[in-house]
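Structural overview for review
What follows is the residue order along each chain.
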Amino acid sequence: MFSINNVNFKGKKTLIRVDFNVPLNDKRQVTDDTRIRESIPTITKVLNDGGTIILMSHLGRPKGYQPDYSLEPIVPVLSKLLGRNIIFTPDLFGPKTFEVCGKMKACEVALMENLRFYPGEEAGDEKFAKELSLLADIYINDAFATSHRNHASVSTIAKFFKGKCYFGFLLENEIENLDRVLFSAEHPFTAIIGGAKISTKIGVIKNLLNKVDNLIIGGGMSFTFMEALGGKVGKSIVEHDKIDLAKNIMQEVMLKGINLYLPTDAVIANGFSNEADFTTVTSENITDGWMGLDIGPKTCRRFAEIINHSQTILWNGPLGVFEMENFRHGTKSVAIAVASATISGSFSLIGGGDTVAALNQFNLADHISYVSTGGGAMLEYLEGKDLPGISAIRRPHTSEHAAKEK
Ligand code: AMP
């Protein structure tokens, strides 16, 4: 119903919210074009139909107009990927932009300047959204990674496209794959949750307790569980105010009959550095003054065994400080186990900036069923929350939403 597959864009001006929030080097060149490449299928569909495209995005978190946050460096990259000229509109509004957009012909593509140069964007301002909407006939949201934001171009704007707002292919794919994990996972279903802190993952863990058979906890957050169990964690990262929370989770896991797997051995170091001395000990007996920076070899083997016997695998958060070579092994061994289970027919979904960066570092992304483009957005979706950018399109259109006067 909201798929662009059901629409013919011939002769239509289409406003597409993309996420071109890409990394740039000090020469302001794009260093990773993944997010730009991911927008190509939706753009191509509209162009093949004979539509006209106006792209809008944010880049970074500028405070008002700051030239360093201009989207202009995206133009040559997008132009090369699409094999066509891109019109760049240096300001969003005003007669110049309206004139340029008004004169655009079929199959032309324009990119507007950074939406966040205007305070109305992050404020979700109605007036700002309405002005944007006046540029086009149809609106598509293809910016999954920004869909948890209640921003003007992400959610407010949909009100002004009654019956004419759609999900792009990227957003549709994200919903389909995340829903597969949340609502129709084949069992055994294993969730692997790592990363630095429980506090950022608690919502996801709680929602998953109603769905998974196995819960694997690794990374820095496992030490809060270890401390809750009465173990000695030395100087490892622990959230002291979350110890009761860890106890509650362990209790709920028992009541629900879920298998909880915590690390049994740890690679510990006498400093948070790749140059620090390191050794392996049992997880509940970390030497005073030392810190756990990775899971140990026994844990790697145990986790791999669970993963290999799973039909559905969801993974967010590294198992150790993978940025340092000496503490990368645990994350790498889990990545290999997930990839090999996928090759044997399991469904795997991985997301989160650090986890995807690790996967790319190990060249394993091609062996995962689905790699999500969302960090915060994916976590909120997995928590079971409504994302403003998704519900705005699905929401039934009331007469109040039909306020657009063109
Ligand atoms: P998150 O954003 O919560 O997924 O956390 C990712 C970060 O957790 C990465 O930068 C890892 O280096 C870090 N991390 C993973 N394991 C540990 C650990 N044992 N101690 C400290 N930091 C860790």
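The notes below deal with the structure included here. Quantities reported herein were computed from a predicted structural model and do not represent experimental measurements.

How each quantity is defined
Residues numbered from 1 in each chain as written. Predicted model: local features only at pLDDT ≥ 70, side-chain atom pairs only at ≥ 80, totals over all residues. Heavy atoms only, no water. Near = heavy atom within 4 Å. Polar contact = N/O pair within 3.5 Å; in protein donor to acceptor, adjacent residues only side chain to side chain. Areas by Shrake-Rupley, 256 points an atom, 1.4 Å probe, with all protein chains shown as cover. 1 Å grid on protein atoms, 1.4 Å probe; cavity = no way out; pocket = protein on both sides within 12 Å on 5 of 7 lines; lining within 4 Å. Sits in = over half its atoms within 2 Å of the grid points. Nonpolar A, V, L, I, M, F, W, Y, C, P; charged D, E, K, R; others polar. Salt bridge = Lys/Arg side-chain N within 4 Å of Asp/Glu carboxyl O. Buried < 20%, exposed > 50% of the residue type's maximum accessible area, 1.4 Å probe, protein only.

Looking at the ligand, there are 16 residues lining it, with A196, K201, G220, G292 and E323 nearest. Contact distances for the ligand include 3.2 Å between a nitrogen atom and a backbone N or O atom of G220. Within the side chain of E323, a nitrogen or oxygen atom sits 2.5 Å from an oxygen atom of the ligand. For the ligand, whose unbound accessible area comes to 510 Å², protein coverage reaches 80%. If you map the ligand onto the pockets, it falls in the second largest pocket. Residues belonging to the shell around the ligand are distributed by class as follows: 6 nonpolar, 7 polar and 3 charged.

Attention shifts here to the pattern of salt bridges. Opposite charge on two side chains allows them to pair when their charged atoms are near. Evaluation of the coordinates by the stated rule reveals 9 salt bridges. The residue D33 makes a salt bridge to R37 at a minimum N-O spacing of 2.9 Å. Residue D33 is classed as partly exposed on the basis of its relative accessible area, which comes to 24%. Accessibility expressed as a relative area gives 43% for R37, which makes it partly exposed. Residues K385 and E383 are paired through a salt bridge, measuring 3.3 Å at the closest nitrogen-oxygen approach.

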